[in-house]
Amino acid sequence: LAEERLSGSKSDKATMLDLVTKFNEVWDEEMFVAQYKDWYDLVKRQQELNAGTVSEDGEQQPSLSELAEAIRETEIELSIAMASKDQLDMVRKRLEDLRSSKAKRHAVLASIVQDVGMRELDEIIIVSPPEEDATAEFPKLSELGLFGDQLTMSGEVLPLG
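Keep in mind it's a predicted model, so treat the numbers as computed, not measured. (Residues numbered from 1 in each chain as written. Predicted model: local features only at pLDDT ≥ 70, side-chain atom pairs only at ≥ 80, totals over all residues. Heavy atoms only, no water.)

Chemist: Help me understand the side chain of S63, please; the structure alone is not making it clear to me.
Modeler: With respect to the helices, strands and loops of the structure, S63 is situated in the loop between strand 2 (60-61) and helix 4 (64-82). S63 gets classed as buried once you look at its relative accessible area, which sits at 4%. Within the local environment of S63, its side chain forms a polar contact with the side chain of S65, the two groups lying 3.1 Å apart. Excluding residues that lie within four positions of it along the chain, S63 makes contacts with L49, N50, A51 and G52. (Helix = DSSP H or I, 4+ residues; strand = E, 2+ residues; numbered from the N terminus. Buried < 20%, exposed > 50% of the residue type's maximum accessible area, 1.4 Å probe, protein only. Polar contact = N/O pair within 3.5 Å; in protein donor to acceptor, adjacent residues only side chain to side chain. Contact = heavy atoms within 4.5 Å.)

Written out as structure tokens, the structure reads:
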């Protein structure tokens, strides 16, 4: 195989044959199989830990992501418990500013959606405000924008630029 693969100079062939010979001398198939099985068992165990498992006594063990989230929440609780009144007031003000900013952004979004709905669809679209604790999850957009994929599927031409 090495001779077939090498079409270069004789020194390249000799070097390759020497490497293959040395490899065959040190190759230990049993060790390789044992190390592969150990690695495979470790990967399976890691997947079990990541997914969370049921222990032998029937008790549900949390996944690593659940444990990380629990640790994060505990650290937050501990930092709140140790914070001074001034620090807590500052955090409360920042939270109020974030809520205010979220409400303003929603008002702008609702206005834009209503304008586009009236102009393009001749319909009034009302955008309800999100729940106070809801997180914003936006769809993945193409370079064509929000309606680009739908316009492309329907055969419409969307000029870029």
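Chemist: How do you make sense of the confidence of the model for the chain when you look at a structure like this?
Modeler: Detail in the predicted coordinates should be disregarded across regions flagged by low pLDDT. In the predicted model, the chain carries a mean pLDDT of 83, and the fraction of residues at 70 or more is 84%. Ranking the elements of the chain by mean pLDDT puts helix 1 (residues 2-5) last, at 52, and helix 5 (residues 85-121) first, at 92. (pLDDT = per-residue confidence, 0-100.)

Chemist: Explain the packing of aromatic side chains here, please?
Modeler: The geometry of an aromatic ring pair is captured by the separation of the ring centres together with the interplanar angle, meaning the angle of the planes. Enumeration according to the criterion identifies four aromatic pairs in this entry. Summarising the aromatic geometry, the rings of F23 and W27 are spaced 5.4 Å apart at their centres and angled 35° between planes, so their arrangement reads as tilted. By relative accessible area, which is 40% here, W27 ends up partly exposed. Centre to centre, the rings of W27 and F32 are 5.1 Å apart; their planes meet at 40°, and the pair counts as tilted. (Phe/Tyr/Trp six-rings, centres within 6.5 Å; stacked < 30°, edge-to-face > 60°.)

Chemist: Please explain unusual backbone geometry as it appears in this structure.
Modeler: Where the residue is not glycine, phi is negative for most of them; where a peptide bond is considered, it is trans in most cases. Not every positive phi belongs to a glycine, and D122 is a case in point at roughly 55°. The residue D122 is located in the loop between helix 5 and helix 6 (148-153) in this model. Using a relative accessible area of 61% as the deciding quantity, one classes D122 as exposed.

Chemist: What is the right way to read the pattern of salt bridges from this model?
Modeler: Where side chains of opposite charge bring their charged atoms close, a pairing between them can arise. Evaluated as defined, the whole model comprises five salt bridges. R99 is the partner of E132 in a salt bridge, and the nearest nitrogen-oxygen pair spans 3.0 Å. With a gap of 33 residues between them, E132 in the loop between helix 5 and helix 6 and R99 in helix 5 connect regions that are remote in the sequence. For E132, a relative accessible area of 56% puts it in the exposed group. For R99, a relative accessible area of 44% puts it in the partly exposed group. Here R119 and E120 are joined by a salt bridge, their closest N and O atoms 3.1 Å apart. As far as the burial class goes, R119 and E120 line up, both exposed. (Salt bridge = Lys/Arg side-chain N within 4 Å of Asp/Glu carboxyl O.)

Chemist: Please explain the environment of V91 as it appears in this structure.
Modeler: Inspection of the secondary structure puts V91 in helix 5. Of the residues examined, V91 reaches a relative accessible area of 38% and is grouped as partly exposed. Here the alpha-carbon distance between V91 and I80, two residues eleven residues apart in the chain, equals 9.9 Å.

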